[in-house]
Amino acid sequence: MHRPSPSTALQAQLHRQSASLAVFLPAGLTDRAPERRTIDALTDSGLDVFEVGVPHRSPVLDGPTISAAYQQALARGTFVHDVLGTVSYAAMRAPVVVMTYWEPVALYGPRRFARDMMSAGAAGIMVVDLPRAQARTWTDTLAEAGLTAPRLVPADAVDDDLAELCATASGWLYTPAATAPTGYQGALDLPRLARSVQRLRKASALPVVSGVGISTPDYARAVAPLVNGVVVGSPVVRALTCTGLEAAASLVADFAAAVHTPTAEASGG
């Protein structure tokens, strides 16, 4: 039986009637065996997509929780070849999008990075600080490798920048639910997010996902009708690093129930 490619499987997931839940997991937090137990437990708790993070020493868009997790992984000696192992195992359980800053890609070599991530089973790679000068070449490189190139679109992107971001994107467009770094736990401006999503939908036919600041299942439930996918990172990483796998898996189950439960707004279109 022919299996769809990872990128095709991701697109099918994002085009379901209800929103998908993507969970962010930094690679290399633990040794390989406990990391695999983590991947299994989180998948069994109801996530639809993994975002696997490449540890970086200066994650300027991330808050304390993910920054500390990256430092923990780097202190363990995690490098790109270790991330490939994480991606390979996670991809057996759910579609995987690799989340990275540009520096690890540039140091490893963009073509080699794309080729090796594709071989590991990734569906796409999202570079959160992709240099403008590299955008077109990078998108072409991923396309040649059979990978998607999701793009992060700031809520305040001017029209010209929005057009350029959409033109060099594939897979999905990512709009932050909050303008703060990852890990933000304050109130969300849902009307502003709705306007941002509508703007993206007018500019592109790509699925739209949202993350950053979706700190509780209640917020996930409110955001889900607006988007194709809800991304949760810091709450799960915080649970993993501070409380343990059982608490993290339970939290993912709560987020999954919130995202997958149809609301009156969602069922009404």
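The rules behind each value
- Residues numbered from 1 in each chain as written.
- Predicted model: local features only at pLDDT ≥ 70, side-chain atom pairs only at ≥ 80, totals over all residues.
- Heavy atoms only, no water.
- Pairing = 2+ DSSP bridges.
- Helix = DSSP H or I, 4+ residues; strand = E, 2+ residues; numbered from the N terminus.
- Contact = heavy atoms within 4.5 Å.
- Axes fitted to C-alpha atoms, helices over the stretch in contact; angles between N-to-C directions.
- 1 Å grid on protein atoms, 1.4 Å probe; cavity = no way out; pocket = protein on both sides within 12 Å on 5 of 7 lines; lining within 4 Å.
- Points joined across faces, edges and corners; volume = space filled by probe spheres on them.
- Nonpolar A, V, L, I, M, F, W, Y, C, P; charged D, E, K, R; others polar.
- Phe/Tyr/Trp six-rings, centres within 6.5 Å; stacked < 30°, edge-to-face > 60°.
- Buried < 20%, exposed > 50% of the residue type's maximum accessible area, 1.4 Å probe, protein only.

(A) Quick look at the sheet that holds strand 4 (residues 124-127). Spatially, eight strands are ordered 4-3-2-1-8-7-6-5 in an open sheet, and the strand pairing comes out parallel. Across the chains shown, the open sheet's two edge strands, defined by having one partner strand only, are strand 4 and strand 5 (151-152). Note: strand 1 (residues 20-26) against strand 2 (residues 49-53), five bridges, orientation parallel. Bridge pairing links Phe24 to Glu51 in strand 2. Against the sheet, helix 2 (residues 32-44) makes contact with strand 1 and strand 2, and its axis sits at roughly 165° relative to strand 1, the strand it touches most. The strands touched by helix 4 (residues 80-90) are strand 2 and strand 3 (96-100); relative to strand 2, the strand with the most contacts, the crossing angle is about 175°.

(B) Examining the layout of surface pockets more closely. In this structure, the largest pocket encloses a volume near 590 Å³. Mapped by element, the contributors of at least two residues to the lining of the largest pocket are helix 3 (64-75), strand 3, strand 6 (173-176), strand 8 (229-232) and helix 11 (234-242). In terms of residue count, helix 11 provides more of the lining of the largest pocket than any other element does, three residues in total. For the lining of the largest pocket, the class distribution of residues is 24 nonpolar, ten polar and four charged.

(C) Quick peek at the packing of aromatic side chains. Going through the model one piece at a time under the given rule, you end up with four aromatic pairs. An angle of 85° between the planes, with centres 5.9 Å apart, marks the rings of Tyr108 and Phe113 as edge-to-face. Taking the relative accessible area as the measure of exposure, Tyr108 reaches 9% and is therefore buried. Take Phe113: its relative accessible area is 0%, and that puts it in the buried class. Here a set of aromatic residues connected by ring pairs shows up, and it is made of Phe79, Tyr108 and Phe113.

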